[in-house]
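Spelled out, the chains give:
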Amino acid sequence: MAKSEKVTREKIILAFLDACFEKNAGGTSLSDVADRLGIKKASLYNHYDSRDSMVEDCIRWCGDYYRKTYFIPTDIDSISQRYPAENVMKAIVNRWFKMSEKEPLVQIYSFIESEKYISTAAAKIAQETREKLVAQTKQALRSLGNAKKIIDLEENDLETLSQIMTSITVSNLDDYIVSKKIEFRANPKGGEGSLFEAQGESDYSKIDALVNTFCSMLK
């Protein structure tokens, strides 16, 4: 960051998340954050009275960011009318994968998923985000049912199937991000900008195959 640029709460949080992604939250110090911002460590105390308060604020910021993020397109009903169920569901899952491998969502995802084991606030955000995925998956399946692209489903079945699809997505996304993170650590400068840009074309074939199987059971 240029010395003339003002240090803001958001810039501090993004620097912290970036450092956490490269190392880990527990191993990230105030000095690591200050180095990324090109400022002295003492300057951070103008914004936070401790590292713990910065971590707490970062968790809140991540929760706010997730709440503004939508995983399915707003015109899902129109899309469901035009395309087969497999195409619609793969596009939705691929959209979530693509969003999650870009900055800052990849850093947020990595941070919250690791912090949820030690922070109640982070655990609540992770659960809230999962519930949001379930709700939006249900919306997509209901839309496909209305378009006669899948069988008509009762509300309880919609809930169960949405839970299953979300579990498949989250589990595979976690594996995908971990593998990408290992590649990034081997070549930390290679992915600047989109983080994983230099790692080659994104491969969603594994999750696509699972989505195909899932949708085939709903015909």
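Attention here is on the structure that accompanies the text.

With that out of the way, let us pick up the overall build of the protein. A tally of helices and strands in the protein yields 9 helices and 0 strands. For the protein, the sequential pattern of α-helices and β-strands runs α-α-α-α-α-α-α-α-α. With respect to the principal axes defined by its C-alpha atoms, the protein has extents near 60 × 35 × 30 Å. When each of the 219 residues of the protein is scored for burial, the buried share is 47%. When the accessible surface of the protein is totalled, it reaches about 11,500 Å², and 50% of it is carbon and sulfur. Across the protein, the mean location of the 31 positive side-chain charges is 3 Å away from that of the 33 negative side-chain charges.

Looking now at the nonpolar core. Core analysis: the largest hydrophobic core is formed by 62 residues, its most contacted members being Met89, Phe111 and Ile112. If one sorts the elements of this core by residue count, helix H8 (residues 155-186) sits on top with 8 residues.

When we look at burial in helix H2 (residues 30-37), the residues that qualify are Leu30, Asp32, Val33, Ala34 and Leu37. Contacts from the buried residues of H2 go to helix H1 (9-22) and helix H3 (51-67). A positive backbone phi angle near 70 degrees is found at glycine 38, which sits one or two residues after H2.

Okay, the pattern of salt bridges next. Under the criterion given, the structure shown has 12 salt bridges. Where arginine 36 meets aspartate 18, a salt bridge forms, and the shortest distance between an N and an O atom there is 3.1 Å. Residue arginine 36 is located in helix H2, and its partner aspartate 18 is located in helix H1; the two are separated by 18 residues in the primary sequence. Taking relative accessible area as the criterion, arginine 36 reaches 28% and is therefore assigned partly exposed. Measuring nitrogen to oxygen at the nearest pair gives 3.1 Å for the salt bridge that ties glutamate 155 to arginine 142. In this pair, glutamate 155 sits in helix H8 while arginine 142 sits in helix H7 (residues 120-146), placing the two residues 13 residues apart along the sequence.

A few words now on empty space enclosed by the protein. What the rule picks out here adds up to 3 cavities of 30 Å³ or more. In this structure, the largest cavity spans a volume of roughly 110 Å³. In this structure, the largest cavity is lined by Phe71, Ile72, Met89, Ile92, Val93, Trp96, Leu133, Gln136, Thr137, Met165, Thr166 and Thr169. Put simply, the parts of the chain that give the lining of the largest cavity at least two residues each are helix H5 (85-100), H7 and H8. With 4 residues, the top contributor of residues to the lining of the largest cavity is H5.

Taken N-terminus to C-terminus, the directions of H1 and helix H6 (residues 105-115) make an angle of 65 degrees; their axes are 9 Å apart at the nearest point. Overall, the two elements H1 and H6 adopt an arrangement that is roughly perpendicular. Seen from above, H1 lies across H6 with left-handed handedness. Here Phe16, Leu17, Asp18, Cys20 and Phe21 of H1 come into contact with H6, specifically with Val106, Gln107, Ile108, Ser110 and Phe111. Across the contact of H1 with H6, the residue classes break down as 7 nonpolar, 2 polar and 1 charged.

Under the counting rule described, the total for this entry stands at 6 aromatic pairs. Here phenylalanine 16 and phenylalanine 111 contribute two aromatic rings whose centre-to-centre distance is 5.8 Å and whose plane-to-plane angle is 80 degrees, an arrangement assigned as edge-to-face. Of the two residues, phenylalanine 16 sits in helix H1 while phenylalanine 111 sits in helix H6, which places them 95 residues apart along the sequence. Relative accessible area serves as the criterion here: at 2%, phenylalanine 111 is assigned to the buried category. On the basis of an interplanar angle of 75 degrees and a centroid distance of 5.6 Å, the ring pair of phenylalanine 97 and tyrosine 204 is categorised as edge-to-face.

Moving on, we come to unusual backbone geometry. Residue glutamate 103 is joined to proline 104 through a cis peptide bond whose omega torsion reads 0 degrees. Its location among the elements puts proline 104 in the loop between H5 and H6. Despite not being glycine, lysine 148 shows a phi value in the positive range, around 65 degrees. Summarising the element assignment, lysine 148 is placed in the loop between H7 and H8.

Criteria and cut-off values
- Residues numbered from 1 in each chain as written.
- Predicted model: local features only at pLDDT ≥ 70, side-chain atom pairs only at ≥ 80, totals over all residues.
- Heavy atoms only, no water.
- Helix = DSSP H or I, 4+ residues; strand = E, 2+ residues; numbered from the N terminus.
- Buried < 20%, exposed > 50% of the residue type's maximum accessible area, 1.4 Å probe, protein only.
- Areas by Shrake-Rupley, 256 points an atom, 1.4 Å probe, with all protein chains shown as cover.
- Lys, Arg positive; Asp, Glu negative; His and termini not counted.
- Charge placed at Lys NZ, Arg CZ, Asp CG, Glu CD.
- Core = buried A, V, L, I, M, F, W, Y, C linked by side-chain atoms within 4.5 Å.
- Contact = heavy atoms within 4.5 Å.
- Salt bridge = Lys/Arg side-chain N within 4 Å of Asp/Glu carboxyl O.
- 1 Å grid on protein atoms, 1.4 Å probe; cavity = no way out; pocket = protein on both sides within 12 Å on 5 of 7 lines; lining within 4 Å.
- Points joined across faces, edges and corners; volume = space filled by probe spheres on them.
- Axes fitted to C-alpha atoms, helices over the stretch in contact; angles between N-to-C directions.
- Parallel < 35°, antiparallel > 145°, perpendicular 65-115°, else oblique.
- Left-handed = near helix turned anticlockwise from the far one by under 90°.
- Nonpolar A, V, L, I, M, F, W, Y, C, P; charged D, E, K, R; others polar.
- Phe/Tyr/Trp six-rings, centres within 6.5 Å; stacked < 30°, edge-to-face > 60°.

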